[in-house]
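So the chains spell out like this:
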Amino acid sequence: GCELTASTKSYTFQVDKEDDSDHILALSVVCLMDGAKDECNVVEVVGRNHENQEIAVPMANLKLSCQPLLSLDNFKLQPPVTFRLASGSGPVHLAGWHQIMHREDASFEDDDDLSAEE
């Protein structure tokens, strides 16, 4: 997880460029933490499109009095990805999980599927 605040407005999740494994980052929840003000806290996810241009998409708009928590149901992203507090002062906590799929593991699983079908 990570926490976005007025002093730490962004967090970037990235993996080693030399790592040839497939990585998935899945977000499960975004919520306001103790000390949050009753203001709109907009969290954006920043990534790159197919033309390698940066794009930012709002993924949550949290307010203490009406929506302090949002379940993201394991919203999946491919690193590198940046989370940015576009408005508000937080603190906003993001939680999720990181899955690493080693390429040799993927070929091993494919072999298992073939032998099960035979």
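Residues numbered from 1 in each chain as written. Predicted model: local features only at pLDDT ≥ 70, side-chain atom pairs only at ≥ 80, totals over all residues. Heavy atoms only, no water.

The protein goes by Nucleoplasmin-3 in an unreviewed UniProt entry, where it is assigned to Pelecanus crispus. The annotation that UniProt attaches to the protein under Subcellular location (unreviewed entry) is "Nucleus". (UniProt positions renumbered as here; feature names shortened; annotations may be inferred.)

**Q** What am I meant to see in the nonpolar core here?
**A** Note on soluble globular proteins: their nonpolar side chains tend to be buried together. Of all hydrophobic cores here, the largest spans 20 residues; its most connected members are Val30, Val43, Met59, Phe83, Val92 and Leu94. Those elements giving two or more residues to this core turn out to be β1 (2–4), β3 (22–32), β4 (41–48), β5 (54–62), β6 (69–77), β7 (81–87) and β8 (92–101). The element contributing the most residues to this core is β3, with four residues. (Core = buried A, V, L, I, M, F, W, Y, C linked by side-chain atoms within 4.5 Å. Buried < 20%, exposed > 50% of the residue type's maximum accessible area, 1.4 Å probe, protein only. Helix = DSSP H or I, 4+ residues; strand = E, 2+ residues; numbered from the N terminus.)

**Q** Before we go on, may I ask you to explain the state of the cysteines in this structure?
**A** In a disulfide, the sulfur atoms of two cysteines are held together by a covalent bond. In this structure the tally under the stated criterion is zero disulfides. The thiol sulfur of Cys66 is not disulfide-bonded, and the nearest other cysteine sulfur, from Cys40, lies at 6.9 Å. The exposure class assigned to Cys66 is exposed, which follows from its relative accessible area of 59%. (Disulfide = S-S within 2.5 Å.)

**Q** What am I meant to see in the pairing of β8 here?
**A** Side chains on a regular strand alternate between the two faces of the sheet. Judged from the three bridges that link them, β1 and β8 form a sheet pairing that is antiparallel. When the bridges of β8 are listed, Cys2 appears paired with Leu94. Here β3 runs beside β8; their pairing, made up of 10 bridges, is antiparallel. Counterpart to His23 in the pairing with β8 is Ile100. (Pairing = 2+ DSSP bridges.)

**Q** Got a minute to help me understand a negative patch on the surface in this structure?
**A** Judged by side-chain charge, Asp16, Glu18, Asp19 and Asp20 come together as a negatively charged surface patch. Within the secondary structure layout, Asp20 lies in the loop between β2 (10–13) and β3. (Patch = residues over 30% accessible without salt bridge, like charges linked within 9 Å, V, L, I, M, F, W, Y side chains within 5 Å. Areas by Shrake-Rupley, 256 points an atom, 1.4 Å probe, with all protein chains shown as cover. Salt bridge = Lys/Arg side-chain N within 4 Å of Asp/Glu carboxyl O. Lys, Arg positive; Asp, Glu negative; His and termini not counted. Charge placed at Lys NZ, Arg CZ, Asp CG, Glu CD.)

**Q** Explain the sheet that holds β3 here, please?
**A** Sheets are built from strands that pair by backbone hydrogen bonding, the pairs being arranged parallel or antiparallel. Strand order in the open sheet formed by four strands is β1-β8-β3-β6, and the pairing between neighbours is antiparallel. One side of each edge strand has no neighbouring strand; the edge strands of this open sheet are β1 and β6. Strand after strand, the sheet turns through a mean of 20° between neighbouring axes, direction not considered. (Axes fitted to C-alpha atoms, helices over the stretch in contact; angles between N-to-C directions.)

**Q** Looking at this structure, how should I read the sheet that holds β7?
**A** The four strands lie next to each other as β2-β7-β4-β5, forming an open sheet whose pairing is antiparallel. Unpaired on one side and paired on the other, β2 and β5 mark the two borders of the sheet. Shown here is a sheet whose adjacent strand axes are inclined to one another by a mean of 25°, direction ignored. Looking at chain direction, β2 and β7 are connected through four bridges and run antiparallel. Residue pairing in the sheet places Thr12 in a bridge with Thr82 of β7.

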